[in-house]
Amino acid sequence: MNRHAPEQDINEDDLQIHPPKRSAAGVKAVTVALERGWSQAGVSRTVKSMLRVNQHHGFDCPGCAWPESITGKRSPAEFCENGAKAIAEESTTRVVDAAFWAEHSLAELDSKTEYWLGSQGRIAEPVVIRPGETHYSPISWVDAFALIGEHVNATTPDRCVFYTSGRTANETAFMYQLFARSLGTNNLPDCSNMCHESSGSALNPTIGIGKGTVSLEDIHEAQLVLVVGQNPGTNHPRMLSALRDCKNNGGKVVAVNPLPEAGLLNFKDPQSLSGVVGGGTDIADEFLQIKVGGDLALFQALGHLLLEEEKRQPGTVVDRAFLEAQTDGFEAYAEARATLDWAETERATGLSRIEITKVAGMLAASKGTIICWALGLTQQPHSVDTLREIINLLLLQGNFGKRGAGACPVRGHSNVQGDRTMGIWEKPSEGFLAALDKEFGFTTPREHGYDSVETQHALEKGDVDVFVSMGGNFAAAGSDTVALEEGLKRAGLTVHISTKPNRAHVVHGKTSLILPTLGRTDTDDKHPGGRQILSVEDSMSVIHSTQGRLTPVSEHLLSEPVIVARMAQAVLGDGHPVDWRAMAEDYDVVRDHISRVIPGFEDFNARVRTKNGFVLPNPPRDTRTFATDIGKARFTVSPLEYLEAPAGHLILQTVRSHDQYNTTFYGLDDRYRGISDGRRVILVHEDDLSELGFADRDMVDVISTFAGTERRADKFRLVAYPTAKGCAAAYFPEANALVHRELVARISNTPGYKAMTVRFVKHGEAVKHGEAVRHGEAVSETAGI
């Protein structure tokens, strides 16, 4: 196997299109997983890591946040194909060392894609680039931290921003937010701002907690599971096993999505005989191919139909005892849903009345329903209202605090939920800040900080002097990427705590540091007390330990807690009341602090070392109570809203490929959708192509319109695909340049990655006057549609 980094970058002319698959996983998933591991890390490191991933006292997969069972026996292979790819990327023996940076100038790296950059390997030592320099070059850790201290202390706290990626472990996240607040700022944007912020914004006021209310076992026992706006076959494949178990127990599954995704059609479990030689398990009993943005209309219609059925058969649908004891606002909700305009509902959803009524009947018959969702629902202007409507539907039938029922926002990144629990948030509660003050003996700032979108605005205005990124790839993950990149270049110092090269390292501040860190798979044993453990929180609020066992590829890597502690010492000095050194030397010290600050973490150090970890308190699930401001769950009423494109336009959503995890590309094979060796594609219904005057495989430039302005992204290939009519799909981050930075979800401020109004022009057609072209993308502030 070739463990050398690829020399060639993506050539979009090599694009291949095949019919979409009708099933997911199977033997192919196993062979791909093994090949990726062996080619990156070799047989020995691959086998060693695969035997430890998601096992008791092993390491948590750096991919998705799907949980492991805490009651049953775990499989020896407790990982999926994409988890194996994530592990291969981290455990690779490829290294990016001083020779790499000397060979490749910044100008050359600027021309490379995310795929090429990420494929080069693990960063082996700290590097720096200063104003006027053309190459990154090595810097000692001592000098790197001194440089950070110099820049931070030369400005004010409100001009410093501390971004966090979901990969960050609980202990690191706690120290990181403590550092920012010790400095005097709540500028703590994170990747949650760009994905599930809408979920928390909907859940907290309605049920009193911003997390899901189910366990893995609940999914197994549910009578009905709705999987809405998500693609588990690619984004969290182990969920397919849970859905399969639900089906085997007599439950039913409804898939609601604009794209027919292979994993929701059929699942071939490679660890079962039927998955290897048989036909697998058909997952979705019903598939509602909804228009992008039509989900609010769907859930309002389902609520209307359930109330109508309750009128016909009183006491058979609505849990009136639960409503009277535990909820508020039902009467207003029932009045709002008493009537329904079916013509507009069908127009909004693209679904027929018959399809919607059939699913309503399944809901009415179910005594235990779970509704799962992901980013397909969270990244539109009316996302929060849509998710509130889901809560209305669950409340109506009392689907909280009983087995096989509840709300299930499926987090897509390992420990993104734990980071928020640890205080990574720009709008912290008073209770959390007061607990920090008491524990550490100083007063933390109360003024809210920047979220991710507000950070982008601040960068653009030149209001950020220091930008620190704990993991992640902010430059590629954000919306309106041309403007975002220009904003990052205005910062005085950017600091990237990273494992591999990415786009953010190229579009950096005037001075830029890249600080290489240990990954989940790496042994962390350079401490007085020996090898350390960290902890994470999964999508079901389970806290468990993670401990890598692979030898790091470089002796110059530091762990994230050590990097945070040394940054804090360099900035705050020795007189600060927080003992940073003690936390860096022994992570038990961090956990002791957490146990006294965050409810639910009492006796943290002992409980995290138990076989299955522990589950955080969850009032809706545990006691059927709701810690809202009124002490009850809250029904809400929202007006009907949906996305509708004007003539000649479509509604575009961004999606991942199967060979992708967030902004990391493992390869160029979107196997289930039949697309390989290229990424600049737009999936469009064949009828829409015909009506718009285009044909399959036409090369086009894409123009988005928002609030009288336009964004342009060049050279995309149109692909006829069975998506919902009136809709289109493209991969992110390639399509992020089309998302205006002010196209966001109300309340949550999440970018509208699934709400773009776009049109196509033939590739190379004249650019309008005033448009500035850069990297094949253009930004126009001229009047548009």
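Keep in mind that this is a model prediction, so the values were computed, not measured.

**Brief notes about unusual backbone geometry**
A cis amide bond links F732 with the next residue in sequence, P733, at an omega value of 10°. The topology assignment puts P733 in the loop between β31 (727-731) and β32 (756-762). In this structure, S541 takes a positive phi of about 65° despite not being glycine. With respect to the element layout, S541 can be found in the loop between β19 (534-537) and β20 (542-546). Unlike most non-glycine residues, A707 shows phi in positive territory, near 50°. Considering the arrangement of structural elements, one finds A707 in the loop between β29 (699-706) and β30 (709-720). Taking relative accessible area as the criterion, A707 reaches 66% and is therefore assigned exposed.

**Thoughts on the packing of helix α8 (residues 197-207) against helix α20 (residues 383-396)**
Look at α8 against α20: their axes get within 8 Å of each other, and the N-to-C directions meet at 45°. As the angle between them shows, α8 and α20 are arranged oblique. In the crossing of α8 with α20, the sense of the turn from one axis to the other is right-handed. On α20, the residues touching S198, S199, S201, A202, L203, T206 and I207 of α8 are S383, V384, L387, R388 and I391.

**Focus: the nonpolar core**
In this structure, I148, F162, F174, L513, L515 and F601 are the most contacted members of the largest nonpolar core, which totals 61 residues. Tallying contributions element by element places helix α7 (residues 170-183) first for this core, with eight residues. Contact partners of F601, with chain neighbours within four places excluded, come to T421, M422, I543, I594, S595, R607, F614 and L616. Counting 48 residues, the second largest nonpolar core, distinct from the first, contains W342, A360, A364 and L396.

**Regarding the pairing of strand β23 (residues 650-655)**
Judged by how many residues are buried, β23 sits mostly within the fold: six of six residues are covered. Here β23 shows a buried face lined by L650, L652 and T654 and a second buried face lined by I651, Q653 and V655. Inspection of the sheet shows β23 paired to β32 by three bridges, in the antiparallel sense. Across the sheet, residue L652 finds its bridge partner in β32, namely M756. Across five bridges, β23 lies against β31 in parallel orientation. Its bridge partner being in β31, Q653 is matched across the sheet by A729.

**Quick word on the sheet that holds strand β8 (residues 224-228)**
On the basis of which strands lie adjacent, the open sheet formed by five strands has the order β12-β9-β8-β14-β15 and parallel pairing. Of all the strands in the sheet, just β12 (286-288) and β15 (406-409) have a single pairing partner and so form its edges. Strand-to-strand twist across the sheet, computed as the mean angle between neighbouring axes with direction ignored, equals 15°. As judged from the four bridges shared by strand β14 (residues 369-373) and β15, these two strands associate in the parallel manner. In the strand pairing of β15, I370 is matched with G406.

**Here we look at the pattern of salt bridges**
With the rule as written, the count across this model stands at 48 salt bridges. When the shortest N-O distance is used, the salt bridge between E286 and K358 registers 2.8 Å. Here E286 is found in strand β12, whereas its partner K358 is found in helix α18 (residues 353-365), with 72 residues between them in sequence. Using a relative accessible area of 48% as the deciding quantity, one classes K358 as partly exposed. For D701, the salt bridge identified is with R712, shortest N-O distance 2.8 Å.

**So, the packing of aromatic side chains**
In total, this model carries 19 aromatic pairs according to the counting rule given. The interplanar angle of 85° and the centroid separation of 5.8 Å between the aromatic rings of F604 and F614 together place this pair among those described as edge-to-face. Taken together, the residues F604 in helix α29 (residues 604-607) and F614 in strand β21 (residues 614-615) connect sequence positions 10 residues apart. Over the face of the ring belonging to W116 we find K112, whose NZ or CZ atom lies 4.6 Å from the ring centre. In this structure, R679 is placed above the aromatic ring of F665, and the distance from its NZ or CZ to the ring centre is 3.7 Å.

**So, the sheet that holds β19**
Spatially, three strands are ordered β19-β20-β21 in an open sheet, and the strand pairing comes out antiparallel. Strands with a single pairing partner mark the edges of an open sheet, and in this sheet they are β19 and β21. Sheet analysis places β19 next to β20, joined by four bridges and oriented antiparallel. Across the sheet, L534 pairs through a bridge with T546, a residue of β20.

**Notes on the confidence of the model for the chain**
This prediction gives the chain a mean pLDDT of 92; 96% of its residues lie at or above 70. Taken as a whole, residues 769-785 scores under 50 in pLDDT and shows 56 contacts with residues more than four places along the chain or in a different chain.

**Here's the deal with helix α17 (residues 342-349)**
Within the span of α17, buried status applies to W342, T345, A348 and T349. The buried residues of α17 occupy one face: seen down the axis, they fall within an arc of 125°. Contacts made by the buried residues of α17 are with α14 (295-312) and α18. At the N-terminal end of α17, a side-chain oxygen is found 3.1 Å from the backbone nitrogen of A343, two or three residues along, and the residue is D341. One or two residues past the end of α17 sits G350, with phi positive at roughly 75°.

Cut-off values and rules
- Residues numbered from 1 in each chain as written.
- Predicted model: local features only at pLDDT ≥ 70, side-chain atom pairs only at ≥ 80, totals over all residues.
- Heavy atoms only, no water.
- Helix = DSSP H or I, 4+ residues; strand = E, 2+ residues; numbered from the N terminus.
- Buried < 20%, exposed > 50% of the residue type's maximum accessible area, 1.4 Å probe, protein only.
- Axes fitted to C-alpha atoms, helices over the stretch in contact; angles between N-to-C directions.
- Parallel < 35°, antiparallel > 145°, perpendicular 65-115°, else oblique.
- Left-handed = near helix turned anticlockwise from the far one by under 90°.
- Contact = heavy atoms within 4.5 Å.
- Core = buried A, V, L, I, M, F, W, Y, C linked by side-chain atoms within 4.5 Å.
- Pairing = 2+ DSSP bridges.
- Salt bridge = Lys/Arg side-chain N within 4 Å of Asp/Glu carboxyl O.
- Phe/Tyr/Trp six-rings, centres within 6.5 Å; stacked < 30°, edge-to-face > 60°.
- Lys NZ or Arg CZ within 6 Å of the ring centre and 35° of its normal.
- pLDDT = per-residue confidence, 0-100.
- Arc of directions from axis to C-beta.
- Polar contact = N/O pair within 3.5 Å; in protein donor to acceptor, adjacent residues only side chain to side chain.

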